[in-house]
Every structure is written in C-alpha cells, then in structure tokens.
Amino acid sequence: MMQPIVNTEPVENEFFLRDGHVYFSGLYENTLLKGIVPEDFHCWHYWGKSSTACFMGGVCLRGADPVSFQVLNYAYAIDKWAVYTTSGRVPDAELATFHVLDNGQNESGAPQGYAKDSQQVYFHNGDGKVKIIKGAEASTFRSFGDTFFAVDSKRIYAYGKQLPKADLTSWELLPHWYSHDAKRVYYLNREIKGVDLASFAVCTPLDAAPLADHMARDKYHFYQNDERIEESLWVERMQEMIQGK
C-alpha cells in the first residue's frame, strides 16, 4: 500500500516534502523526520517507513522492522514482531493469523475498525484505543464493513460491544447507527427504552454531515441519537439539518 513520497504541500495527517526533507503534517504543527532521506521513504496516509525506521505520523515506531513492515488499513499495520495501531502495539496478537475486517476508517475519517486472529477479536475505536472483545467468537466473527457493526454466530456487536438482549435472527441494521430486532430498538450499542417499534423511523437526512446528530421518531416520541426530546426541539433541529446550518 505504501508508495514513494510525492506530496510537496502539507495536507493534514499526511507526509510531505520540503527543502529536501520529509515532514509529517499534524493537527497543530509539522514534524521533521530527522535523518530520513526522501528517496528512501515510502508512505500511505499517516503510515510510513524508510530502510531504517517505521513511522505512525511523526512518531517513530521503536523496534519496528522496516523490511517486514506493511500497512493493513487506516487503523492497523504489522511487521514480524507486532501489530501496530495509532496508539501503539496490540498486545498478545497472533501475528500469523491476524487480519483486518474492514478499511479501518469511520465516516468522520478517524481510524477505527475490527480485526481478529485465530483466538481473539479486536476493536480499534475512533479515539485510538484498541480492546479485545471478550466473548466474541473469532472463527465466525465478521464486520459489516462500516467499522461500527459486526456479528458472529451468536451475537451482534456495535462499536466494539455486544448489543444487550439482541435477537440475532430478527435483528436488522438501519441507517445512521440505529438497528432493531423483533422487540427492541438500538442506537449503536444502547437500547432505546419505550419505543413503539411498529412506527419507529429514522429521519436523519441521507446527506447529513458525518458528525451530525441522528434523528428518529415513532408515533409517540421524538429522538436525537438515543435521547428522547420534545417535538418542538426535534422539528427545529431537523430543519437546521435540512437547511444545512
């Protein structure tokens, strides 16, 4: 996935060339990669390597092996020694069977996603933390590809957690992080109590901004994400979303 560096202008979270040196363009400042020769540097977004060192952004990954180092997706990279994420190494990963299950980037652009080896399932959240999903069945576990939802032969998972009491056979994923089974409605990994399932509808505009709140309703109540709000406030926020404020 990594290619010779060609960028000459700073783009946030990318490497670039300036005056014969390699820099990383971070959120607040540009970081010089000391001792790195442009002709010896390959990169892909915020992952990079030379013949002597590997990088995640402007941070050198100590002990990483440049020869075997490869990018798996936005959230994960691997070499012969370890699996790496934007927050460091993944402890105790089984390297021979480790693989990613989605592209590792959520809809807002942050690194996030599922991966697994033969024994365990991992979730990298949008804040850079990686956790082992306890109780997940690695052999049947698969991501829905959106970096939020996943399933194994027994359970549904949302944002790295099991959906409480979800019925696998009747569960259905809806737009904008909502889902339901025959008895319950969920927002991400939280059940929304008191919903009229028969009339429940997701109302967030399809072209809403990635970080916009999500809106839904049933014939009795109005919801912002998983919170019940007054109808007047709900209507106001829907109008703001439609008008693009």
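Note: the structure precedes this text.
Residues numbered from 1 in each chain as written. Predicted model: local features only at pLDDT ≥ 70, side-chain atom pairs only at ≥ 80, totals over all residues. Heavy atoms only, no water.

> Talk me through the sheet that holds strand E26 (residues 215-217); I want residue IDs and the actual numbers.
Taken together, the 4 strands give an open sheet; going across it, the order is E25-E26-E27-E28, and neighbouring strands pair in antiparallel fashion. Strand pairing shows two members of the sheet lacking a second neighbour, strand E25 (201-202) and strand E28 (227-229), which therefore form its edges. Two strands pair when backbone bridges link them, and strand E27 (residues 222-224) and E28 are joined in this way by 3 bridges, in the antiparallel orientation. Bridge assignment links Tyr-223 to a residue of E28, and that residue is Arg-228. Against the sheet, helix H1 (residues 231-243) makes contact with E26, E27 and E28, and its axis sits at roughly 135° relative to E26, the strand it touches most. (Pairing = 2+ DSSP bridges. Helix = DSSP H or I, 4+ residues; strand = E, 2+ residues; numbered from the N terminus. Contact = heavy atoms within 4.5 Å. Axes fitted to C-alpha atoms, helices over the stretch in contact; angles between N-to-C directions.)

> Got a sec to walk through the side chain of Lys-116? Specific residues and values, please.
Positionally, Lys-116 belongs in strand E14 (residues 113-116). Within the buried set, Lys-116 has no salt-bridge partner at all; the shortest N-O distance to an opposite charge, 8.8 Å, is to Glu-137. For Lys-116, the residues in contact, after removing those within four places along its chain, are Thr-97, Phe-98, His-99, Leu-101, Val-121, Tyr-122, Ala-138, Ser-139 and Phe-141. (Buried < 20%, exposed > 50% of the residue type's maximum accessible area, 1.4 Å probe, protein only. Lys, Arg positive; Asp, Glu negative; His and termini not counted. Salt bridge = Lys/Arg side-chain N within 4 Å of Asp/Glu carboxyl O.)

> Explain H1 to me, and be specific about the residues and the numbers.
Under the 1.5 Å per step criterion, the end-to-end length of H1 is 18 Å for 13 residues, consistent within 8% with the ideal 18 Å. Regarding H1, the residues found buried are Trp-234, Met-238 and Met-241. Along H1, the residues classed as buried sweep out an arc of 60° about the axis, all on the same side. Exposed and facing more than 90 degrees away from the buried side of H1 are Ser-232 and Gln-243. Looking at the buried side of H1, the elements it contacts are E26, E27 and E28. After H1 finishes, the residue Gly-244 shows a positive phi value of roughly 75°. (Expected span 1.5 Å × (residues − 1). Arc of directions from axis to C-beta.)

It is worth stressing that arrangement in space is one thing and function is another; only the former is reported here.
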